[in-house]
Amino acid sequence: MPPSVVERHRRWGVEELLANNPDLRIVPSPDASLKVRGELHFHVRGPGDVIIGDAYQIDLLIPPSFPATAPAVFENGGRIPKTYHKLEDGSLCLAAPTELRLRTGPDTTIGAFVETFVVPYLFGYSYREKHGVSPYGELEHGRDGLRQHFASLFGVPDRMAAQELVRLASLKKRPANKVPCPCGSRRRLGRCHHTIVNELRAKLGRAWFASQYDLPSPIDSRPANRIAERHQPDGVKRRKGKSR
Ligand SMILES: [Zn+2]
Ligand SMILES: [Zn+2]
């Protein structure tokens, strides 16, 4: 391996990932991505203190631009149907793009990504298999899922109001603050939902919100990883030890 790749894998914590998950291994990749395949075991305590131990056959495709770009994750065991949260390319719909950005940073390792997004997703599916319902409440997919995500992110019940807040987050702070707050309070944004809007604008930038304002139609032409929404709240804690 070229030194740059060795260094990248060190930053990504590849060795640690494989050490913590002995049934995962590196396999040849068709492109510049790093491909990791095998059985991912977990034993987690989720919402309502429900504990589930399970294992899934997965492929992780980690692009050279990770962690700025999220890995694509595929379930290969045939357990999770296409109709459950999956993207157009068949990869798992792990989280909304905004959620991925908010919860990853330049130092995020692959192990942390797996713990934060992949394990909670699989826990959610195992829970659903067992109990017939999602542990996180019913989450929508595609455009509606994104609106649902933004509504919870901005803390407004109305999804169209949430979409308007996305637009306001794409504007400069001063003009945005003068606009009537879309939540319906009859106050201007600067006297209403400005704290959360300013915080997210500062964190992610106006260009990001501009890119998120024109929400894609469900399963449409945008790159697949841009139409995922969030599937799990915080609070799924992986426990030490294996599920077998
Ligand atoms: Zn989805
Ligand atoms: Zn408001």
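Residues numbered from 1 in each chain as written. Chains lettered and ligands numbered in written order. Predicted model: local features only at pLDDT ≥ 70, side-chain atom pairs only at ≥ 80, totals over all residues. Heavy atoms only, no water.

The name that an unreviewed UniProt entry assigns to the protein is UBC core domain-containing protein, with the source organism given as Paludisphaera mucosa.

Engineer: So what exactly am I meant to see when it comes to the overall build of the protein here?
Structural biologist: The secondary structure content of the protein amounts to nine helices and five strands. When the elements of the protein are put in sequence order from the N terminus, they spell out α-α-β-β-β-β-α-α-α-α-α-α-α-β. Put simply, the protein has 244 residues, and 45% of those count as buried. Residue pairs in contact within the protein that sit at least 24 positions apart in sequence constitute 59% of those at least 6 positions apart. (Helix = DSSP H or I, 4+ residues; strand = E, 2+ residues; numbered from the N terminus. Buried < 20%, exposed > 50% of the residue type's maximum accessible area, 1.4 Å probe, protein only. Contact = heavy atoms within 4.5 Å.)

Engineer: What should I look at first to understand the coordination of the zinc ion (ligand 2) in this one?
Structural biologist: Around a metal, the ideal angle is 109.5 degrees if four donors adopt a tetrahedral arrangement and 90 or 180 degrees if six donors adopt an octahedral arrangement. For the zinc ion (ligand 2), the full set of protein donor atoms is Cys 181 (SG), Cys 183 (SG), Cys 192 (SG) and His 193 (ND1), and the range of their distances to it is 2.1 to 2.3 Å. Taken together, the four donor atoms coordinating the zinc ion (ligand 2) and their angles of 104 to 114 degrees define a geometry best described as tetrahedral. Each donor residue of the zinc ion (ligand 2) belongs to the same chain, with the gaps between them written as C-x1-C-x8-C-H. Of this pair, Cys 181 sits in the loop between helix H7 (173-178) and helix H8 (194-204) while Cys 192 sits in the loop between H7 and H8; the two residues are eleven residues apart in sequence, bridging distant segments of the chain. Judged on exposure class, the residue Cys 181 and its partner Cys 192 are both buried. (Donors = N, O, S within 2.8 Å, 3.2 Å for Na, K, Ca; no water. Tetrahedral: all angles 85-135°; square planar, octahedral: opposite > 155°, others 65-115°.)

Engineer: For this particular structure, what's the right way to read unusual backbone geometry?
Structural biologist: Glycine aside, a negative phi is what most residues show, and trans is what most peptide bonds show. The peptide bond linking Phe 66 to Pro 67 adopts the cis configuration, its omega dihedral lying at 5 degrees. Considering the arrangement of structural elements, one finds Pro 67 in the loop between strand S3 (51-62) and strand S4 (72-75). The backbone of Asp 49 sits at a positive phi, close to 60 degrees, despite the residue not being glycine.

Engineer: Help me understand the side chain of Asn 177, please; the structure alone is not making it clear to me.
Structural biologist: Position of Asn 177 relative to the elements: it lies in helix H7. Leaving out residues up to four positions away in the same chain, Asn 177 has contacts with Arg 188, Leu 189, Gly 190, His 194 and Asn 198.

Engineer: Got a minute to help me understand a positive patch on the surface in this structure?
Structural biologist: Taken together, the side chains of Arg 174, Lys 178, Arg 188 and Arg 191 present a region of like positive charge at the surface. Within the fold, Arg 174 resides in helix H7. (Patch = residues over 30% accessible without salt bridge, like charges linked within 9 Å, V, L, I, M, F, W, Y side chains within 5 Å. Areas by Shrake-Rupley, 256 points an atom, 1.4 Å probe, with all protein chains shown as cover. Salt bridge = Lys/Arg side-chain N within 4 Å of Asp/Glu carboxyl O. Lys, Arg positive; Asp, Glu negative; His and termini not counted. Charge placed at Lys NZ, Arg CZ, Asp CG, Glu CD.)

Engineer: Explain the confidence of the model for the protein to me, please; I cannot follow it from the model alone.
Structural biologist: Low pLDDT means the predicted atomic positions in that stretch should not be read closely. Taken over all residues, the pLDDT of the protein has a mean of 88, while the share at 70 or more is 88%. Counting contacts from residues 217-228, a segment whose pLDDT is below 50, to residues more than four positions away or on other chains yields 34 contacts. Note that pLDDT drops below 50 for residues 230-235; the model gives that stretch 24 contacts with residues more than four away or on any other chain. (pLDDT = per-residue confidence, 0-100.)

Engineer: Sorry if this is basic, but what is going on with the nonpolar core here?
Structural biologist: Generally speaking, a soluble globular protein has its nonpolar side chains buried in company with each other. Judged by nonpolar contacts, the single largest core of 34 residues is most densely connected at Leu 60, Ile 110 and Leu 122. Mapped by element, the contributors of at least two residues to this core are helix H2 (14-20), strand S2 (34-45), S3 and helix H4 (110-131). Among the elements that make up this core, the one with the highest residue count is H4 (eleven residues). In this view, Leu 60 contacts Leu 17, Leu 34, Lys 35, Val 36, Ala 72, Val 73, Ile 110 and Val 114; residues no more than four positions away in its chain are not counted. (Core = buried A, V, L, I, M, F, W, Y, C linked by side-chain atoms within 4.5 Å.)

Engineer: Mind showing me how you'd approach the environment of Asp 23 here?
Structural biologist: Counting through the fold element by element, Asp 23 comes out in the loop between H2 and strand S1 (24-27). Each C-alpha atom, one on Asp 23 and one on Leu 40, is 6.8 Å from the other, the two residues being 17 residues apart in sequence.

Engineer: How do you make sense of the side chain of Gln 163 when you look at a structure like this?
Structural biologist: With respect to the helices and strands, Gln 163 occurs in helix H6 (residues 159-169). Residue classification places Gln 163 among the buried residues on the basis of a relative accessible area of 13%.

Engineer: Please clarify how the packing of H8 against helix H9 (residues 206-213) should be interpreted in this entry.
Structural biologist: For any two helices packed against each other, one specifies the inter-axial angle together with the distance between the axes. Here H8 crosses H9 at 105 degrees, and the two axes come no closer than 6 Å. When the axis of H8 is compared with that of H9, the two are roughly perpendicular. Side by side, H8 and H9 meet where Leu 200, Arg 201 and Leu 204 of the first sit next to Arg 206, Trp 208 and Phe 209 of the second. Across the contact of H8 with H9, the residue classes tally to four nonpolar, no polar and two charged. (Axes fitted to C-alpha atoms, helices over the stretch in contact; angles between N-to-C directions. Parallel < 35°, antiparallel > 145°, perpendicular 65-115°, else oblique. Nonpolar A, V, L, I, M, F, W, Y, C, P; charged D, E, K, R; others polar.)

Engineer: Can you help me understand H6 in this one?
Structural biologist: Since the α-helix advances by 3.6 residues per turn, residues separated by three or four positions end up pointing in the same direction. For H6, the complete set of buried residues consists of Ala 161, Ala 162, Gln 163, Leu 165, Val 166, Leu 168 and Ala 169. Contact partners of the buried residues in H6: helix H5 (142-154), H7, H8 and H9.

Engineer: I would appreciate a short explanation of the packing of aromatic side chains in the present structure.
Structural biologist: We describe a pair of aromatic rings using the distance from one ring centre to the other and the angle between the two ring planes. Taken as a whole and assessed by the stated rule, the structure comprises nine aromatic pairs. Each ring, one from Trp 12 and one from Phe 66, has its centre 5.6 Å from the other, and the planes form 90 degrees; the classification is edge-to-face. With Trp 12 in helix H1 (residues 3-12) and Phe 66 in the loop between S3 and S4, this residue pair connects regions lying 54 residues apart in the sequence. In terms of burial, Trp 12 and Phe 66 fall into one category: buried. Centre to centre, the rings of Phe 42 and Tyr 56 are 6.1 Å apart; their planes meet at 5 degrees, and the pair counts as stacked. Placement of Phe 42 in strand S2 and of Tyr 56 in strand S3 is noted, with a sequence separation of 14 residues between them. The same class applies to Phe 42 as to Tyr 56, namely buried. Taken together, Trp 12, Phe 66, Phe 113 and Phe 117 form an aromatic cluster joined through their ring pairs. Sitting above the plane of the Tyr 56 ring, Arg 79 keeps its charged end 4.1 Å from the centroid. (Phe/Tyr/Trp six-rings, centres within 6.5 Å; stacked < 30°, edge-to-face > 60°. Lys NZ or Arg CZ within 6 Å of the ring centre and 35° of its normal.)

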